[in-house]
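The chain contents come next:
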Amino acid sequence: MTEPLTPASPTIDTSASRGGGADRVELMQTFVRIVEAGSLSAAATLLGTTQPTVSRRLQMLERSLGLRLLQRSTHRMKLTEDGERCFARAKELVTSWEAFEADLRGTGEDPEGTLRVLVPHAFGQEMMIGPLADFLERYTGVKVHWFLRDDEPDFIAEGLDCAIHVGELRDPSNVAIALTDVPRIVVASPELLAGRPLPEHPSDLASLPWLSLSTFYRNEITLTHETTREAVRITFDPRMSTDNLYALRSAAMRGLGVGVCSAWVMAEDVAQGRLIQLVPQWRSTALPMYIIYPYAKYYPARLRRFIEAMRCTIPAVIDAEQRKIR
């Protein structure tokens, strides 16, 4: 069901007032909003009602199903095993009902509502804000909750609609659409290389201090020649390890060591001479980038339009950055 245009009266719970004839779809919608929002108070804000009303609706749903759906404490809320199963079915039911209402009104293709999107931390801060802004300007009825994290999500437990993911996928049950490949390059600062001959072959890199990006490489990495496909493995004891692309970039610019990183992160620094791309004919394996989302029989227009927009814009964004260092 669509969210009300004006908040409901704080003293009247319309679903509770119906007693035995309470609207099950409305109760399911409340449950879905609680899980997606992460708290009863946040769900109440989304639904334009009060926290006690949301709590009563949840209790009515649990009583009607004979199941405990949420474990709640002062500081935490967690789905029970039954709650996880119920959420998956409830979200499908609510989405289908919203589609039914939209079809009756003739607005089925007009995106509206809120999208919950997970994106890689660095990429979501820098490269995707432009495409996101373009999307929101085009579809004014859509709002987006933008979460930054680098791992593959649990869509049901986290109440997410979709995710942009870089790297290999673990869960084959999700729908995954390949967007592009993210090249990775070897870089170091001019200060680190001062007084040293410029490396000509990957074997020359072993004698330099190294930085490790723990999410992708720790103490060894393989570089492959773009033309001959010769592969060389380099082992090292890193001076610094991090799981953050920006921290690696900052450390490389300070001259702490050689780093291997997604080309788009370093492209501007290489173009401006703040970093030097080493052995440019040799690359680490490019990382695949996907947009992923859980399988469902129906996808709301806001999700369909977002997927279409990202399929068009993300490859162009990555390519534009890559051209800076070609």
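What you see is a predicted model, and the numbers here were worked out from it, not measured in a lab. (Residues numbered from 1 in each chain as written. Predicted model: local features only at pLDDT ≥ 70, side-chain atom pairs only at ≥ 80, totals over all residues. Heavy atoms only, no water.)

A. A look at the packing of aromatic side chains. Overall, the coordinates contain 8 aromatic pairs when judged by the stated rule. Plain terms: the ring middles of Y217 and F236 are 6.1 Å apart, the flat faces sit at 80° to each other, and that makes the pair edge-to-face. With Y217 in the loop between strand 7 (211–213) and strand 8 (220–225) and F236 in the loop between strand 9 (231–235) and strand 10 (240–242), the pair connects residues that are 19 residues apart, well separated along the chain. On the accessibility criterion, F236 (10% relative accessible area) is buried. Put simply, the rings of F135, Y139 and F306 pair up and form one aromatic cluster. Its guanidinium or amino end placed over the ring of F216, R184 lies 5.3 Å from that ring's centre, counting from NZ or CZ. (Phe/Tyr/Trp six-rings, centres within 6.5 Å; stacked < 30°, edge-to-face > 60°. Helix = DSSP H or I, 4+ residues; strand = E, 2+ residues; numbered from the N terminus. Buried < 20%, exposed > 50% of the residue type's maximum accessible area, 1.4 Å probe, protein only. Lys NZ or Arg CZ within 6 Å of the ring centre and 35° of its normal.)

B. Helix 7 (residues 129–138), seen in detail. Within the sequence span of helix 7, burial applies to P131, L132 and F135. Down the axis of helix 7, the smallest arc covering the buried residues is 100°, so these residues share one side. Packing partners of the buried residues in helix 7 comprise strand 3 (113–119), strand 4 (142–148) and helix 12 (301–322). (Arc of directions from axis to C-beta. Contact = heavy atoms within 4.5 Å.)

C. Local environment of the layout of surface pockets. Reported here for the second largest pocket is a volume of approximately 300 Å³. Together, 21 residues line the second largest pocket, and P120, D150, V166, F216 and L245 are the ones closest to its centre. Elements supplying a minimum of two residues to the lining of the second largest pocket: helix 6 (121–126) and strand 5 (162–166). Along the lines of polarity and charge, the residues of the lining of the second largest pocket split into 11 nonpolar, 6 polar and 4 charged. Counting the residues that make up the lining of the second largest pocket, at least three belong to each of domain 2 (113–181 + 288–324) and domain 3 (182–285). (1 Å grid on protein atoms, 1.4 Å probe; cavity = no way out; pocket = protein on both sides within 12 Å on 5 of 7 lines; lining within 4 Å. Points joined across faces, edges and corners; volume = space filled by probe spheres on them. Nonpolar A, V, L, I, M, F, W, Y, C, P; charged D, E, K, R; others polar. Domains from an automatic or database assignment.)

D. Structural view of the packing of helix 3 (residues 40–47) against helix 4 (residues 51–65). Where helix 3 contacts helix 4, the axes come no closer than 8 Å and their chain directions differ by 105°. Judged by the angle between their axes, helix 3 and helix 4 are roughly perpendicular. Together, L40, S41, A43, A44 and L47 of helix 3 and Q51, V54, S55, R57 and L58 of helix 4 make up the contact between the two elements. Of the residues assigned to the contact of helix 3 with helix 4, the class counts are 6 nonpolar, 3 polar and 1 charged. (Axes fitted to C-alpha atoms, helices over the stretch in contact; angles between N-to-C directions. Parallel < 35°, antiparallel > 145°, perpendicular 65-115°, else oblique.)

E. Quick peek at the pairing of strand 13 (residues 282–293). Burial of strand 13 is extensive: 10 of the 12 residues sit out of reach of the surface. As judged from the 4 bridges shared by strand 5 and strand 13, these two strands associate in the antiparallel manner. Looking across to strand 13, one finds that A163 is bridged to I292. With 8 bridges joining them, strand 6 (residues 175–188) and strand 13 adopt antiparallel strand pairing. The partner of A176 across the bridge, within strand 13, is I292. In this structure, strand 8 lies alongside strand 13, joined through 2 bridges in antiparallel fashion. Within strand 13, the residue paired with H225 across the bridge is W282. (Pairing = 2+ DSSP bridges.)

F. How the structure looks around helix 10 (residues 245–253). Along helix 10, the positions that sit buried rather than exposed are L245, Y246, L248, A251 and A252. The inward-facing, buried residues of helix 10 abut helix 6, strand 7, strand 10, strand 11 (259–262) and helix 11 (263–271). Once helix 10 finishes, G255 follows within two positions and takes phi at roughly 85°, a positive value.

G. View of the domain arrangement of the protein. You can read the domains of the protein as domain 1 (21–105), domain 2 (113–181 + 288–324) and domain 3 (182–285). For domain 1 and domain 3, the distance between their C-alpha centres works out to 48 Å.

H. Fine view of the packing of helix 10 against helix 11. Viewed as axis vectors pointing N to C, helix 10 and helix 11 meet at an angle of 30°, and their least axial separation amounts to 10 Å. Viewed along their axes, helix 10 and helix 11 adopt a mutual orientation that is roughly parallel. Relative to helix 11, the crossing made by helix 10 is right-handed. Every residue of helix 11 that contacts helix 10 at L245, Y246, L248, R249 and M253 is listed here: W264, V265, M266 and D269. Of the residues contributing to the contact of helix 10 with helix 11, the split by class is 7 nonpolar, no polar and 2 charged. (Left-handed = near helix turned anticlockwise from the far one by under 90°.)

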